Amino acid sequence: MNAALVWIALVLAALGHGFIWSAIVNRLHAWGGPRWFIKLVTLFCAVALVAIPAAILWHELNRGGSTFEPFDRLDWAAAYLWLCLIVGAGSLIVKPWIEAHRCDRTVLRQWKADRLDAVKALGRKPLYGAGAKLLGNLPGNEVLTISIDRKRLAIPRLPDELDGLTIAHISDLHITGGVGREYFGYVVRQVNDLRPDVIAITGDLIENVECLPWLQASLGQLCAPLGVYFILGNHDLLIDAAGTRQALIDAGLTYLGGRWVRAEWNGATVAIGGNELPWLPSAEVHEAAGHAAPADFRVLLSHSPDQFGWGVRADVDLMLAGHTHGGQIQLPLLGIIMSPSLYGTRYACGVFRRGRTVMHVTRGISGETPIRWRCPPEIALLELTGQSG
């Protein structure tokens, strides 16, 4: 292998190396296991990401010889490099395909995004603490740039009474205190200004118990004529799930975790349920529950898009999910790299369909780490229409 090919192969192998270990982390964080174990394995993966290339370089330098031929050896280092090369080369084909199919065009009939500058609207950067200020001021960071994404979705079995119905879908506020209370108040005002018929919140709300009082002043102010519904996410379990749940119920929001609620929207009967699997065992609603209460239309709020198959089996018409944040960082060509899902980056954000079930996955409002590149926070306004709409 000549020198040019060696270096091209090394670049592809470096990509593959990154994809292998990020794939492990992605799937690890989709698991409902002990947090200490997940953090420990994540740390191991981070060390491996750096240590393995260093070990291969050390191995090659100590083999002697006048030429640099890392792929021409019959040893563990060459075997690993070939594996990474295959994964890296394959990713250059698979990743662009995934990004090109992130939105099912048979469902997504129209999409318009408007960017809002929260800093300009508030007159200051609502960042507190050294870490948040350091990351928030990095060039290109869109953490305080809100995108209002208006999407028209064609739903296969939409009742005529619900044609034109609007649902505001928000998720993953991750209120840590690093991004100030005023920012979340601003988000809520933008949602209310859209005047949606329904508001759906799909979990991961609080990261800091001291911020629990913020809920009344933010999410507690949401209003929609047909209801404001919410579920919890895995991060909510780490703080005070019961307190978070009760604070929002007291504010007038409807909690759906682990149950189906029957409602009437514009004359159509609707069954709307919540799935918090795999983190909240109580969310294991029997799949037949959706059928036990006959309805013209079924909506499911699920924290994780990994429950897509569950929604299909439960005969859901529209599933709304979050959890993945759209990856928070999206690279040119390669797109999303990190996404806590059993499916990797496949369902990190976008519009998808299986059979007669449509799933919308939002990029979310914030994150535990306040950094976003090419992936602004999203307030999604979903307008529902029939197949002919």
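Details of the structure are given in the entry above.
Definitions and cut-offs
- Residues numbered from 1 in each chain as written.
- Predicted model: local features only at pLDDT ≥ 70, side-chain atom pairs only at ≥ 80, totals over all residues.
- Heavy atoms only, no water.
- Pairing = 2+ DSSP bridges.
- Helix = DSSP H or I, 4+ residues; strand = E, 2+ residues; numbered from the N terminus.
- Axes fitted to C-alpha atoms, helices over the stretch in contact; angles between N-to-C directions.
- Phe/Tyr/Trp six-rings, centres within 6.5 Å; stacked < 30°, edge-to-face > 60°.
- Buried < 20%, exposed > 50% of the residue type's maximum accessible area, 1.4 Å probe, protein only.

**Here we look at the sheet that holds strand 7 (residues 260–265)**
- The strand order across the open sheet built from six strands is 7-8-9-10-14-13, with neighbouring strands paired in mixed fashion. In this open sheet, the two edge strands, each paired with only one partner strand, are strand 7 and strand 13 (350–354). Looking at each pair of strands side by side, their axes are set apart by 20 degrees on average, direction ignored.
- Direction of pairing for strand 9 (residues 297–302) relative to strand 10 (residues 318–321): parallel, over a ladder of four bridges. Looking across to strand 10, one finds that Ser302 is bridged to Ala321.

**What about the packing of aromatic side chains?**
- In the structure shown here, the tally under the stated rule is 11 aromatic pairs.
- Between Trp21 and Phe44 the ring centres are 6.1 Å apart and the planes differ by 65 degrees, which places this aromatic pair in the edge-to-face class. On the criterion of sequence distance, the pair formed by Trp21 in helix 1 (residues 3–28) and Phe44 in helix 2 (residues 35–61) is long-range, its members being 23 residues apart.
- Judged by relative accessible area, Phe44 falls into the exposed class, the value being 52%.
- When the centroid spacing of 6.3 Å and the interplanar angle of 50 degrees are considered together, the rings of Tyr229 and Trp265 count as tilted. You can see Tyr229 sitting in strand 5 (residues 228–231) and its partner Trp265 sitting in strand 7, a full 36 residues away along the chain.
- Of the residues examined, Tyr229 reaches a relative accessible area of 6% and is grouped as buried.
- In this structure Trp265 comes out as buried when scored by relative accessible area, which is 1%.

**Quick notes on unusual backbone geometry**
- Of note, the amide linkage connecting Leu277 to Pro278 takes the cis form, showing an omega dihedral of 5 degrees.
- Within the element layout of this structure, Pro278 appears in the loop between strand 8 (268–275) and helix 9 (289–292).
- Positive phi values are uncommon outside glycine, yet Asp172 reaches one of about 55 degrees.
- Take Asp172: it is sitting in the loop between strand 3 (166–170) and helix 6 (181–193).
- Here Arg195, not a glycine, exhibits a phi torsion of approximately 50 degrees, which is positive.
- With respect to the secondary-structure elements, Arg195 resides in the loop between helix 6 and strand 4 (198–202).

This is a description of form; function is not addressed.
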